[in-house]
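Descriptive analysis of the structure
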Amino acid sequence: MKNVYDIRFEKNLVYIFPVDSLRTTGITQNMIHEKAAVILYLFYIDTLPNYYGYIDGIPDSIDVYIISSKAEVLETVQSCMEQLRRGHIRYILKENTGRDVSALLVAASEIVKKYQYICFVHDKKAHDIKLKDATSLWIENLWENLLGSESYIDNILRRFEENDRLGILAPPDPIGDHFAAWYGFGWYGSFSITKKIAEELELRADLTENRPPITLGTALWFRKEALSKLFDRRWTYDDFNDEGLMSEKYLSYGIERIFAYVAQDAGYDTGTVMTSSYAERQTNYLQYSTSKIFSEIRHFFPFYTVDMIEEYRKSTRKMIEFARKNPCFYLYGAGTLGRFCHYVLREENLLPAGYLVSEEAKREISEGVPVFSIEKVRVGSDMGVIVTVFEKSAREEIKRILKKKKIVNYIEFWEE
């Protein structure tokens, strides 16, 4: 079974729709709208104006449910929607426990059963002034990419109708200088609680810490059947202990990451959806930030293309295996790659006897490891050598030197 992260990549389950045009299909709007509902959780009364436009932009024939644990929030939203003459909205007051996750799994549990396609999204607020701009962009990510416009919503629903294996469409990971999720660090320490939930639900899914989750923030469109096992659990407010909100093991942090694995267990795929304008911004940010990151780390991680990284993984496994079989081994080359190999081996508690260099050693020790000129090192029958240079011509020269010294027990870390 493959991981949902890899499946999304291999099937290219990333959908980009415009907000101002409707894809042409044989499916009528009314046929879709009667199957759909939008469920919103709102908590912060001072930020409500940020969401009125999105609510008003939901097609009139789609049922909308607004949930809050604050009566004044519901009253304020209802007053605004009545002025806009927006119908098909129901207002639900919930217990002030579990925030957005209990709004979906407890307050809206019976609502979900009535529809085929459901959208859930909630408000957010920056509590740290340094994160204000990043949080605003994340809010735009959630709301714009799920409820961008009436035609955009219809495009999402039509995609579900056309692809009966599609179980979830979620917004992309948040981008911004303060977020690491986009670069594959979406667990944020919450893998263990997510795994615990998966075990409780007895999910048949590939849940592994070396592949990041692809749902964050409890914001998504989903097919009812895809998450039926999650709702069948019959959650209660007592399941949520908000005193643990700052802990990485807080229940809600696991639930927001579990959706794609629940869908996989039910036989459905999870994809990502965004507006064309957001995709432009995301692509621009990704290219710029990735360039900055790789330019800084190249001195410590000397690989800068995807195929090089894949080759590095294979080469690392080969090197570690060689070092374990040869307790007396040397690293030939004391440059960037040689030092990098030393770091990798040290993590495995494998320490080289020294660095080897072709010319006279300019220093006696590098990174706490002695440096020897190949002409002066004593060759032993138990000696192993790992050639740690990139350039093919340099590797060929090193192999000639090793042959001359009658050293045959060696490998090249990097082979083309």
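Before reading further, recall that the structure is shown in the block above.
Residues numbered from 1 in each chain as written. Predicted model: local features only at pLDDT ≥ 70, side-chain atom pairs only at ≥ 80, totals over all residues. Heavy atoms only, no water.

1. Digging into unusual backbone geometry
Although it is not a glycine, tyrosine 188 adopts a positive phi angle of roughly 50°. Structurally, tyrosine 188 can be placed in the loop between strand S6 (166-170) and helix H9 (191-201). Owing to a relative accessible area of 39%, tyrosine 188 belongs among the partly exposed residues under this scheme. (Helix = DSSP H or I, 4+ residues; strand = E, 2+ residues; numbered from the N terminus. Buried < 20%, exposed > 50% of the residue type's maximum accessible area, 1.4 Å probe, protein only.)

2. Focus: the pattern of salt bridges
Per the counting criterion, the structure on display carries 22 salt bridges. Across the salt bridge formed by aspartate 6 and arginine 211, the nearest N and O atoms sit 3.0 Å from each other. With a gap of 205 residues between them, aspartate 6 in helix H1 (residues 4-10) and arginine 211 in the loop between H9 and strand S7 (220-223) connect regions that are remote in the sequence. Judged by its relative accessible area of 26%, arginine 211 falls in the partly exposed class. Linking lysine 113 and glutamate 110 is a salt bridge whose minimum nitrogen-to-oxygen distance equals 3.0 Å. (Salt bridge = Lys/Arg side-chain N within 4 Å of Asp/Glu carboxyl O.)

3. Description of the sheet that holds strand S8 (residues 269-275)
Taken together, the eight strands give an open sheet; going across it, the order is S1-S8-S6-S7-S5-S2-S3-S4, and neighbouring strands pair in mixed fashion. Looking at strand neighbours, the two that pair on one side only are strand S1 (14-17) and strand S4 (89-93), the edges of this open sheet. Each neighbouring strand pair of the sheet contributes to a mean axis angle of 20°, computed without reference to strand direction. Along the sheet, helix H5 (residues 99-107) contacts strand S2 (36-41), strand S3 (63-68), strand S5 (117-122) and S7; its crossing angle with S5, the most-contacted strand, is approximately 155°. Against the sheet, helix H8 (residues 150-162) touches S1, S2, S5, S6, S7 and S8, its axis set at about 155° to S6. (Pairing = 2+ DSSP bridges. Axes fitted to C-alpha atoms, helices over the stretch in contact; angles between N-to-C directions. Contact = heavy atoms within 4.5 Å.)

4. Brief notes about helix H14 (residues 336-347)
For H14, spanning twelve residues, the distance from its first C-alpha to its last is 17 Å, which sits close to the expected 16 Å at 1.5 Å a residue. Along H14, the residues classified as buried are Leu337, Gly338, Phe340, Cys341, His342, Val344 and Leu345. Against helix H13 (306-325), strand S9 (328-332), strand S10 (354-357), strand S12 (369-373) and strand S13 (383-387) lie the buried residues of H14. Positive phi shows up at asparagine 349, right after H14, with a value of about 60°. (Expected span 1.5 Å × (residues − 1).)

5. Some words on the sheet that holds strand S14 (residues 410-412)
An order of S11-S12-S10-S9-S13-S14 is seen for the six strands of this open sheet, with the pairing classed as mixed. Two strands bound the open sheet, and with one partner strand each, they are strand S11 (365-366) and S14. Relative to S12, S11 is paired through two bridges, and the arrangement is antiparallel. Of the residues in S12, the one forming a bridge with serine 366 is valine 369. H13 rests against S9, S13 and S14 of the sheet, and its axis sits at about 170° to S14. Against the sheet, H14 makes contact with S9, S10, S11, S12 and S13, and its axis sits at roughly 145° relative to S9, the strand it touches most.

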